[in-house]
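# Per-entry structural report
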Amino acid sequence: MLDKIACKVNRAIFSFVVMKKIMKYIYIIALFLVCFNVHGQGISFFDGKLEDAMLKAQQENKIIFMDFIAVWCEPCKKMAEEVFFREEVATYFNEKFVCVQIDVDQEKNIAKKYKVTQVPSMIFVDAKGREIRRMLGFTTPYSLLRVAKLVVGDALSLDEQWNAIQKDKNNLVLQQRFLLETPMLLPEVKDKKEVEKWQYRREKIVKNYLENKPREEMINLHDLSIIVTYCMAPKEENEPIEFVIRNLSRFMTVAPRDLLTAYLFRYQDGLVQKMAMEGNLKYKDQIARIHGDLKQVFDSVKTKSFPVEYLMTAKADALYCLYGKKDQAGYVKQQNDFFEKMGDLAGKEDYQNAVMTLMSTSNKKLTPASAEQVLLWLDRLLKFPLDVNSQILFVSFMGDCYVVLENNEKAKECYNQAFLQSFQMKNVKLQTYLRQKMDVLYQ
């Protein structure tokens, strides 16, 4: 139960920058000049109140596109510059929608009504203001256009695309479109069995597409999107990813460098960790690629503390100790050496990862020495700002450690504290779970 809570720990923390009023207005004007159709380019946003935009939508029988922004939001500015100004995007949106831009700090009531908790948020609503679909965060011109066409009815559904593929099974263009659009279409399917059916079909199309599409024809943005969407599961022999690495310079001519390197860094880091957890010492060879065929990727990775090679090696060596050698003491020593070297640079996520890894792996087999160490890490971790979910999880972990140390009184205190905090979440299942932990100790 608590593992599920841990997965839901909210890592997205908005950082609000206090700006002088005059600078704020200058930024608003600059942002709006970029977004507005002042020179006949870009999406033309409605100049007026939302109620008037709804009236216009009723009169013209159109859907409303609401773009929620903030003056401090860099992705909003990026959307304006890189997406809304694209000719194909602007042409379609200006023809099909009444477009409205809403500053969440200026129009708080509207943002609250539509439950906007992050920016940019793009919401399609009908002329009466009823939500049809929303998109969160920065998105590509292709994705935005695709969703817009789905909303209007100008795009094929999953069933229509599947039927077209069945009639022409060797048509790689149809398969490519299906693979690109499935991630956007599948969330609309609510029935569990239907979702499983489409996932199975998608796997068949991925396999067929990768087997039959000539690699030299895949050096384009669409096929790169397919590779990073469907081939990111880390494994030693990952031909599509290795193809990208071998042709990295060529792919950088069709995709943003920072986006491409981010994907490959994430993949390689995941591969190294997976191999270490499997007890496969070849993870060291994968780390060595930092100075070889992946040098171009890792040279662009910036860290706030030590070089990425050290950070990756330290994490992998610790995982190898715990998973590969089944050595809790070795894992604890590796982590403590890491924390000692990092000093004040060790952050919340570093301590959180150390605790979660050891607790989830050891389960009820935590040794007394490890339990004492986890308590020290938890004490440090609980000094960081945490949401309620995280606090409940980590305080409960303290209780688990005290149980291992046979200090039932301290364990009761921790479980009781977590139990009381759980009422803030109004989660009956969580309260029952913690209650059961306490009942065991009171028997």
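Just so it is clear, the model here is predicted, and its values are computed rather than measured.

## Thoughts on the overall build of the chain
In terms of helices and strands, the chain carries 23 helices and four strands. Residue pairs in contact within the chain that sit at least 24 positions apart in sequence constitute 66% of those at least 6 positions apart. A total accessible area of about 24,600 Å² is found for the chain, and carbon and sulfur atoms account for 52% of it.

## Thoughts on unusual backbone geometry
Along the chain, valine 119 connects to proline 120 via a cis peptide bond; the corresponding omega equals -5°. Its location among the elements puts proline 120 in the loop between α6 (108–113) and β3 (121–125). Its identity is not glycine, yet asparagine 61 carries a phi of approximately 55°, on the positive side. Examined against the element boundaries, asparagine 61 turns out to sit in the loop between α3 (50–60) and β1 (63–69). For asparagine 61, a relative accessible area of 72% translates into the label exposed. Of note in this structure, lysine 326 is not a glycine but carries a positive phi near 55°. Along the chain, lysine 326 falls in the loop between α17 (308–324) and α18 (328–342).

## Some points on helix α9 (residues 172–185)
In this model α9 runs 19 Å from its N-terminal to its C-terminal C-alpha over 14 residues, within 8% of the 20 Å that 1.5 Å per residue would give. Counting buried residues in α9 gives ten out of 14 residues, a clear majority hidden from the surface. In this structure, the buried residues of α9 make contact with β4 (131–136), α7 (141–152), α8 (158–167), α10 (192–212) and α11 (221–230). You can read the cap of α9 off the contacts: a side-chain oxygen lies 3.0 Å from the backbone nitrogen of valine 173, and it is on asparagine 171.

## Section: the pairing of β1
In terms of burial, β1 is largely enclosed, as seven of its seven residues are buried. Where burial is concerned, the two faces of β1 agree: the one with Ile63, Phe65, Asp67 and Ile69 and the one with Ile64, Met66 and Phe68 are both buried. Judged from the seven bridges that link them, β1 and strand β2 (residues 97–103) form a sheet pairing that is parallel. Within β2, the position partnered with isoleucine 69 by the bridge is aspartate 103.

## Comments concerning a negative patch on the surface
Taken together, the side chains of Glu74, Glu81, Glu82 and Asp258 define an acidic patch exposed on the protein surface. By residue number, the principal contributor to the negative patch is helix α4 (residues 74–84), which donates three residues. As for its placement among the helices and strands, glutamate 81 is situated in helix α4.

## Comments concerning the state of the cysteines
Enumeration according to the criterion identifies one disulfide in this entry. With a sulfur-sulfur separation of 2.4 Å, cysteine 73 is cross-linked through a disulfide to cysteine 76. Because the torsion about its S-S bond is 85°, the bridge between cysteine 73 and cysteine 76 counts as right-handed. No difference in accessibility class separates cysteine 73 from cysteine 76, as the two residues are buried.

## Quick word on the pattern of salt bridges
Scanning the model with the defined rule gives 24 salt bridges in all. The partner of arginine 215 in a salt bridge is glutamate 239, with the nearest N and O atoms 2.8 Å apart. Pair noted here: arginine 215 is in the loop between α10 and α11 and glutamate 239 is in helix α12 (residues 239–246), with a separation of 24 residues, a long-range link. The salt bridge involving lysine 333 is made with aspartate 337; its shortest N-O contact spans 3.0 Å. Of the two residues, lysine 333 and aspartate 337 both sit in helix α18, four residues apart, roughly one turn of that helix.

## Let's talk about the environment of lysine 49
Checked against the element boundaries, lysine 49 lands in the loop between α2 (21–35) and α3. Between the C-alpha atoms of lysine 49 and glutamine 101, which are 52 residues apart in sequence, the distance is 9.9 Å.

## Side note on the packing of aromatic side chains
Counting across every chain of the model gives 25 aromatic pairs. Arranged with centres 6.5 Å apart and planes meeting at 70°, the rings of tyrosine 92 and phenylalanine 93 form a pair that is edge-to-face. Note on accessibility: tyrosine 92 and phenylalanine 93 belong to one class, buried. Aromatic ring contacts, followed pair by pair, group Phe306, Tyr310, Tyr331, Phe338, Phe339, Tyr351, Trp377 and Phe384 into a single cluster. Above the ring of tyrosine 92, the side-chain terminus of lysine 149 is found at 5.7 Å from the ring centroid. The ring of phenylalanine 419 has arginine 435 lying over it, and the distance from NZ or CZ to the ring centre is 5.4 Å.

## Structural notes on the pairing of β2
The element β2 is largely enclosed, with a buried count of seven among its seven residues. On β2, burial covers both faces: Phe97, Cys99, Gln101 and Asp103 on one face and Val98, Val100 and Ile102 on the other are all buried.

## Details of the packing of α8 against α10
Relative orientation and spacing of two packed helices are given, respectively, by the angle between their axes and the distance between those axes. One can describe the packing of α8 onto α10 by two numbers: an axis separation of 13 Å at closest approach and a directional angle of 40°. Judged on the interaxial angle alone, α10 and α8 are oblique. In the packing of α8 onto α10, the handedness of the crossing is left-handed. Contacts between α8 and α10 involve Leu158, Asp159, Trp162 and Ile165 from the first element and Trp198, Arg201 and Ile205 from the second. The residue inventory of the contact of α8 with α10, partitioned by class, reads five nonpolar, no polar and two charged.

## Quick word on the environment of aspartate 159
Structurally, the position occupied by aspartate 159 is in helix α8. Judged by relative accessible area, aspartate 159 falls into the partly exposed class, the value being 43%. Distance from aspartate 159 to tryptophan 198, taken between C-alpha atoms, is 9.5 Å for residues 39 residues apart in sequence.

So, how was this worked out
Here the residue numbers are simple positions, counted from 1 along each chain's written sequence. The predicted origin of the model limits local features to residues at a pLDDT of at least 70 and limits the giving and counting of side-chain atom pairs to 80 or more, whereas totals for whole chains, interfaces and linings rest on all residues. Note: side-chain values were computed over all heavy atoms of the structure, leaving out hydrogens and water. Each helix is a run of H or I in the DSSP string that is no shorter than four residues. Each strand is a run of E no shorter than two, and both are numbered from the N terminus. Throughout, a residue-residue contact means that at least one pair of heavy atoms, one from each residue, lies within 4.5 Å. Per-residue and other accessible areas follow the Shrake-Rupley method at a 1.4 Å probe size, with only the shown protein chains counted as cover for residues. For every residue, the accessible area (1.4 Å probe, protein chains only) is compared with the maximum for its type, and the residue is labelled buried under 20%, exposed over 50%, or partly exposed between those bounds. Multiplying 1.5 Å by the helix residue count minus one yields the expected span of that helix. A 3.5 Å cut-off defines polar contacts: any pair of N or O atoms within that distance qualifies, except that in protein one atom must be a possible hydrogen donor and the other a possible acceptor, and neighbouring residues in sequence count only when both atoms are side-chain atoms. Strands are treated as partners if at least two bridges between them are detected by DSSP. For patch building, the residue pool is restricted to those with more than 30% relative accessible area and no salt bridge; the joining distance is 9 Å between like charges and 5 Å between nonpolar side chains (Val, Leu, Ile, Met, Phe, Trp, Tyr). For salt bridges, the criterion is a side-chain nitrogen of Lys or Arg within 4 Å of an Asp or Glu carboxyl oxygen. Counted as positive: Lys and Arg. Counted as negative: Asp and Glu. His and the chain ends are not counted at all. The atom standing in for a charge is NZ when the residue is Lys, CZ when it is Arg, CG when it is Asp and CD when it is Glu. Working definition: a disulfide is two cysteine sulfur atoms within 2.5 Å of each other. Here is the rule: rings of Phe, Tyr and Trp (six-membered ring for Trp) pair when centre to centre is within 6.5 Å. Planes less than 30 degrees apart are stacked, more than 60 are edge-to-face, and the remainder are tilted. Criterion for a charge above a ring: Lys NZ or Arg CZ within 6 Å of the ring centre, and within 35 degrees of the ring normal. Working convention: axes come from line fits to C-alpha atoms, limited for helices to the stretch in contact. Angles between N-to-C directions cover 0 to 180 degrees. Reported orientations rely on four angle classes, namely roughly parallel under 35 degrees, roughly antiparallel over 145, roughly perpendicular from 65 to 115, and oblique for the rest. Crossing handedness: left-handed means the near helix sits turned counterclockwise from the far one by under a right angle, and right-handed means the same turn made clockwise. Nonpolar residues are Ala, Val, Leu, Ile, Met, Phe, Trp, Tyr, Cys and Pro. Charged residues are Asp, Glu, Lys and Arg, and all others, Gly as well, are polar.

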